[in-house]
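Remarks on the overall topology
Residues per chain are reported as follows:
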Amino acid sequence: MHKKFALAMMIFLVLTPLSMAAFPSDVTILEKPSIVKLTDDQLIDIYENTLVEIEASRTFHATSGFSPKEYKDFKALLKFRLLLLVEIHARNLELPQF
C-alpha cells in the first residue's frame, strides 16, 4: 500500500511541472540596431507577433494551461483578430459594438 502511494506521489510530482511548463516564445528579442534596420512590413509583423505572444502567454498563465495544439490554435486566433483590427483601421471603419 505504501509503495503504491509513494509511486503515485512520485509520478505526480515529476509529471505536474512538465505539464505546467510554459511554451517557448516564438518571438526573438532584437537589440535597437537590429530594430532600426527592419523594413516597415517587418516591423509591423514583428510587433503583431509580439502582441499575440504576450496575450497568449497571459491567457496560458491565467488558466490551467493549454495543450500544445490548443496553445497554437489560440495564438493563431489572436493573430487573426489583430490582422482584422489592422485592416479595419486601414479602411477607416468603425468597430462593431456589442
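Quick summary incoming for the structure in this document.

Calculation rules
- Residues numbered from 1 in each chain as written.
- Predicted model: local features only at pLDDT ≥ 70, side-chain atom pairs only at ≥ 80, totals over all residues.
- Heavy atoms only, no water.
- Axes fitted to C-alpha atoms, helices over the stretch in contact; angles between N-to-C directions.
- Helix = DSSP H or I, 4+ residues; strand = E, 2+ residues; numbered from the N terminus.
- Parallel < 35°, antiparallel > 145°, perpendicular 65-115°, else oblique.
- Left-handed = near helix turned anticlockwise from the far one by under 90°.
- Contact = heavy atoms within 4.5 Å.
- Expected span 1.5 Å × (residues − 1).
- Buried < 20%, exposed > 50% of the residue type's maximum accessible area, 1.4 Å probe, protein only.

**Here we look at the packing of helix 3 (residues 40–62) against helix 4 (residues 68–90)**
The interhelical angle for the contact between helix 3 and helix 4, taken along N-to-C directions, is 135°, at an axis separation of 9 Å. Here helix 4 runs oblique to helix 3, going by the angle between their axes. Crossing geometry of helix 3 relative to helix 4 is assigned as right-handed. The residues of helix 4 that touch helix 3, namely those facing Asp45, Glu48, Asn49, Leu51, Val52, Glu53, Glu55, Ala56, Ser57, Thr59 and Phe60, are Tyr71, Phe74, Lys75, Leu78, Lys79, Leu82, Leu83 and Val86.

**A short note on helix 3**
Over its 23 residues, helix 3 runs 33 Å from end to end, which matches the ideal 33 Å to within 8%, given 1.5 Å per residue. Within helix 3, the full set of buried residues consists of Glu48, Val52, Glu53, Ala56, Thr59 and Phe60.

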